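# Structural overview for review
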Amino acid sequence: MIENTHFKEYYTSQEIEECFQWFEQHMDRLPDSLQLSPSTYFPRLRFSVDAMIQHLRNVMKNHRIYNGEFATLLFIREKVLRQEGFQE
């Protein structure tokens, strides 16, 4: 099982924007749903990712409290990239 090892105390603006752009460029290729972990399931992955990005764009700049939510986006990207058949 993949573990979420993406959490950091600080993310640069460049790291954040690169992640957001990756999702925006690949949104149409994301699976419909995703089992991220045994206890975390996204039945509407695209909707969830879009909502997370919109939320984080508005609140994350100077608030490290949202780093966990951002780490979840990085974890989703890692899990999607590892899925068989996914092409960038």
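Structure's up top.
These numbers come from a predicted model, not from an experiment.

With that settled, consider the nonpolar core. Membership of the largest hydrophobic core comes to 25 residues, with the highest contact counts inside it found for Phe-23, Val-49, Phe-70, Leu-73 and Ile-76. Of all elements in the fold, only α1 (13-26), β1 (34-37), α2 (45-59) and α3 (67-82) reach the threshold of two or more residues within this core. Once residues lying within four places of it in the same chain are set aside, the contact partners of Phe-23 are Leu-30, Val-49, Ile-53, Leu-73, Ile-76 and Arg-77.

On to the pattern of salt bridges. Close approach of charged atoms allows side chains with opposite charge to pair. Tallying each qualifying case throughout the model produces eight salt bridges. With a closest N to O distance of 3.0 Å, Arg-57 and Glu-17 form a salt bridge. Here Arg-57 is found in helix α2, whereas its partner Glu-17 is found in helix α1, with 40 residues between them in sequence. Judged by its relative accessible area of 29%, Glu-17 is partly exposed. Linking Asp-28 and Arg-29 is a salt bridge whose minimum nitrogen-to-oxygen distance equals 3.9 Å.

The subject of this paragraph is the pairing of β1. Relative to strand β2 (residues 40-42), β1 runs antiparallel, the two being bridged by three bridges. Counted as the bridge partner of Gln-35 is Tyr-41 from β2. Once β1 ends, the chain turns through two residues before running back antiparallel as β2.

The rules behind these values
- Residues numbered from 1 in each chain as written.
- Predicted model: local features only at pLDDT ≥ 70, side-chain atom pairs only at ≥ 80, totals over all residues.
- Heavy atoms only, no water.
- Core = buried A, V, L, I, M, F, W, Y, C linked by side-chain atoms within 4.5 Å.
- Buried < 20%, exposed > 50% of the residue type's maximum accessible area, 1.4 Å probe, protein only.
- Helix = DSSP H or I, 4+ residues; strand = E, 2+ residues; numbered from the N terminus.
- Contact = heavy atoms within 4.5 Å.
- Salt bridge = Lys/Arg side-chain N within 4 Å of Asp/Glu carboxyl O.
- Pairing = 2+ DSSP bridges.

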